[in-house]
Amino acid sequence: MSTIWDNYDSDRHFDELITENGKAREPSRKLVKHIAQMEVGELDKRRQMADATIQEMGISFTVYTEEGNIDRAWPFDIIPRTILSRQWEVAADGLQQRLKALNMFINDLYHDQQIIKDGIIPEHIITKSKNFRPECVGITPAHGVWANICGTDLVRDADGKFYVLEDNLRVPSGVSYMLENRAITKRVLPEMFEKENILPVDDYTSQLFDMLASLSPRDVEDPEIVVMTPGIFNSAYFEHAFLAQKMGVELVEGDDLFVGDDDCVYMKTISGPERVDVIYRRIDDEFLDPEAFNKESVLGVPGLMRAWKAGNVALANAPGAGVADDKVVYAYVPQIIEYYLNEKPILPNVETFLCEYEDQREYVLANLDKLVVKPANESGGYGMLVGPHSTKKDQLKFAELIKENPRNYIAQPTLSLSTAPTLISSGNLEPRHLDLRPFILQGKETYVTTGGLTRVAMKKGSLVVNSSQGGGSKDTWIVDTEVK
């Protein structure tokens, strides 16, 4: 290897590209060799090309601050993360298994609640979940599927094995950045796509369109599909516009839609009202319909729940799907899989302590300096305590929060998250911790992305990968080394 690899040290963590002996792993051999042959100046030039491409393509995200909303260019690292295709096939099977069981679970909760009657999950776990929607009881969405789009966060521990960190079943985001990461990397490292068999990801939007079309309540050749956004000030607005454009469907806000006297949803157009069949909504439940949820909401459509209950429009994801997004419910997913599918989970959970149980709570309170503590329904890396990086003041604060509302907190061991080489400065590659968010679609059929969004903790030693917390991203290559 050239000088750029000579000083690379994975710091005793499982590294995605380089083994503990300093050798390239099987799916990264050609990539590592290619980078080794580059001059430092050439690598810098490629990084500058990536930055220019991000500016040119307008790839951005919004960070909410006390001073206001700030638009930032997408933070991107040009060194891809590589995974062997035969390893990924197992993970993809596990993701399909997981979403299938979770959708059966959600459907059961809004009907017979047999899983509660059989004592698998305590009733109060559901009744105290802020995302359980009594308004959804008795409804069965198309194909019995509530969460049509799921973003499941995977991590690799020191053993190199994939674990599920959490499921995102409400309004999961990030898939546009997965697709844009690939587009940038193809510009920056085009020669690698000729040398290496890197499996494609660019069929996602066509798969998404087909899945959404399969939900249409009307049997028509071209159902009317729209992407519903809260508007330009939402942190994920770039993604909303991106997906609508790629699918060739309308991007709408609540004011663009109305529910008619026939309980059907219509879109306002210059040629008059046009009936809408499927809404891919990027708005949280409570803002969807001021008639059913938050009466102050100006983002939603009055009567939308009425139209959905009448079976005249499909909503993806369905309202109420977030009940399985709860981090306390997450702890029960292995039992959920066994209960509904009579199968052992393919992908294991990370060990999880539920603070509502006295023995587990006492353990958590005694070990706050070693654990990661998370609230049950927050996202984006907000409201959590990373024990080893926290102060005594932080730990005392979380101890009080846990005691006040133990149901709302879980804790997990501080994982030795895997790392990958990241270009920190000119000619300087350092390991940074990362996770992976694949996306799973379920409608009539089920589809898993080939890889997903790799998020990187850009700060040295940090375990927080969220872009809102200073994280970055890189392309994810599923490499088939067996194709000649």
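Since the model is a prediction, treat every value here as computed from it, not as a measurement.

1. A look at the overall build of the protein chain
Thinking step 1. Secondary structure summary: the protein chain contains 15 helices and 23 strands in total.
Thinking step 2. By the compact-globule yardstick of 23 Å for 484 residues, the protein chain fits well, its C-alpha radius of gyration being 23 Å.
Thinking step 3. Taken along the three principal axes of its C-alpha coordinates, the protein chain extends 70 × 60 × 50 Å.
Thinking step 4. The buried share of the protein chain, taken over its 484 residues, is 56%.
Thinking step 5. Taking the contacts inside the protein chain whose residues are at least 6 apart along the sequence as the reference set, 69% of them involve residues at least 24 apart.
Thinking step 6. In the protein chain, which carries 52 positive and 75 negative side-chain charges, the distance between the mean positions of the two groups comes to 5 Å.

2. What to know about the packing of helix H3 (residues 40-57) against helix H7 (residues 175-188)
Thinking step 1. One can describe the packing of H3 onto H7 by two numbers: an axis separation of 9 Å at closest approach and a directional angle of 135°. One element, H3, and the other, H7, form an angle in the oblique class. The hand of the H3/H7 crossing is right-handed. Between H3 and H7, the contacting residues are Arg 46, Met 49, Ala 50, Thr 53, Ile 54, Glu 56 and Met 57 on the first element and Glu 180, Ala 183, Ile 184, Arg 187 and Val 188 on the second.
Thinking step 2. Its residues assigned to classes, the contact of H3 with H7 comprises seven nonpolar, one polar and four charged.

3. Structural notes on the sheet that holds strand E14 (residues 371-375)
Thinking step 1. Across the sheet, which stays open at both edges, the four strands sit in the order E13-E16-E14-E15 with antiparallel pairing between neighbours. Where the open sheet ends on each side, the last strands, each with one partner, are strand E13 (353-354) and strand E15 (385-386).
Thinking step 2. Sheet analysis places E14 next to E15, joined by two bridges and oriented antiparallel. The partner of Val 372 across the bridge, within E15, is Val 386.

4. Concerning the layout of surface pockets
Thinking step 1. By volume, the second largest pocket amounts to about 310 Å³.
Thinking step 2. Around the second largest pocket, the lining comprises 15 residues; the ones closest to its centre are Leu 179, Glu 180, Arg 182, Ala 183 and Asp 202.
Thinking step 3. Listed by contribution, the elements that provide at least two residues to the lining of the second largest pocket are H7 and helix H10 (237-247).
Thinking step 4. Here the lining of the second largest pocket gets five residues from one element, more than from any other, and that element is H7.

5. Quick look at the pattern of salt bridges
Thinking step 1. Applying the stated rule across the entire model yields 28 salt bridges.
Thinking step 2. We note a salt bridge from Arg 407 to Asp 326, for which the minimum N-O separation is 2.7 Å. With Arg 407 in the loop between helix H15 (392-404) and strand E16 (409-413) and Asp 326 in the loop between strand E12 (314-316) and helix H12 (327-330), the pair connects residues that are 81 residues apart, well separated along the chain.
Thinking step 3. Residue classification places Arg 407 among the buried residues on the basis of a relative accessible area of 9%.
Thinking step 4. The exposure class of Asp 326 is buried, given its relative accessible area of 0%.
Thinking step 5. Connected through salt bridges with shared partners, the residues Glu 42, Lys 45, Arg 46 and Glu 191 form a single ionic network.

6. Here we look at a negative patch on the surface
Thinking step 1. A surface patch of negative charge is lined by Glu 250, Glu 253, Asp 255, Asp 256 and Glu 274.
Thinking step 2. Structurally, Asp 255 is set in the loop between strand E7 (250-252) and strand E8 (257-259).

7. Here's the deal with the pairing of strand E23 (residues 476-479)
Thinking step 1. Burial of the side chains of E23 extends over both faces: Thr 476 and Ile 478 are buried on one face and Trp 477 and Val 479 on the other.
Thinking step 2. Pairing between strand E3 (residues 81-84) and E23: four bridges, direction parallel. Paired with Arg 81 across the bridge in E23 is Thr 476.

8. Remarks on unusual backbone geometry
Thinking step 1. In the segment running from Ala 316 into Asn 317, the intervening peptide bond is cis, with an omega of -5°.
Thinking step 2. Structurally, the position occupied by Asn 317 is in the loop between E12 and H12.
Thinking step 3. Of note, His 143 is a non-glycine position whose phi angle comes to about 65°, a positive value.
Thinking step 4. Inspection of the secondary structure puts His 143 in the loop between helix H6 (123-127) and strand E4 (149-156).
Thinking step 5. Even without glycine at this site, Asp 263 takes up a positive phi of about 60°.

9. Focus on the side chain of Thr 152
Thinking step 1. Take Thr 152: it is sitting in strand E4.
Thinking step 2. In terms of polar contacts, Thr 152 uses its side chain to reach the side chain of Asp 167, at 3.3 Å.
Thinking step 3. Residues in contact with Thr 152, not counting those within four places in the same chain, are Leu 95, Val 164, Glu 166, Asp 167, Leu 436, Arg 437, Pro 438 and Ile 440.

10. Description of the nonpolar core
Thinking step 1. By size, the foremost hydrophobic cluster in this structure holds 78 residues, and its most contacted members are Trp 88, Phe 105, Ile 126, Ile 279 and Ile 336.
Thinking step 2. The contact partners of Trp 88, leaving out residues within four places of it in the chain, are Ile 83, Leu 95, Leu 154, Phe 162, Leu 436, Pro 438, Val 448, Thr 449, Thr 450, Gly 451 and Ile 478.
Thinking step 3. If you look at the next biggest cluster of nonpolar residues, it comprises 55 residues, including Val 201, Tyr 204, Leu 215 and Ala 314.

Calculation criteria
Residues numbered from 1 in each chain as written. Predicted model: local features only at pLDDT ≥ 70, side-chain atom pairs only at ≥ 80, totals over all residues. Heavy atoms only, no water. Helix = DSSP H or I, 4+ residues; strand = E, 2+ residues; numbered from the N terminus. Rg over C-alpha atoms; globule rule 2.2 N^0.38 Å. Buried < 20%, exposed > 50% of the residue type's maximum accessible area, 1.4 Å probe, protein only. Contact = heavy atoms within 4.5 Å. Lys, Arg positive; Asp, Glu negative; His and termini not counted. Charge placed at Lys NZ, Arg CZ, Asp CG, Glu CD. Axes fitted to C-alpha atoms, helices over the stretch in contact; angles between N-to-C directions. Parallel < 35°, antiparallel > 145°, perpendicular 65-115°, else oblique. Left-handed = near helix turned anticlockwise from the far one by under 90°. Nonpolar A, V, L, I, M, F, W, Y, C, P; charged D, E, K, R; others polar. Pairing = 2+ DSSP bridges. 1 Å grid on protein atoms, 1.4 Å probe; cavity = no way out; pocket = protein on both sides within 12 Å on 5 of 7 lines; lining within 4 Å. Points joined across faces, edges and corners; volume = space filled by probe spheres on them. Salt bridge = Lys/Arg side-chain N within 4 Å of Asp/Glu carboxyl O. Patch = residues over 30% accessible without salt bridge, like charges linked within 9 Å, V, L, I, M, F, W, Y side chains within 5 Å. Areas by Shrake-Rupley, 256 points an atom, 1.4 Å probe, with all protein chains shown as cover. Polar contact = N/O pair within 3.5 Å; in protein donor to acceptor, adjacent residues only side chain to side chain. Core = buried A, V, L, I, M, F, W, Y, C linked by side-chain atoms within 4.5 Å.

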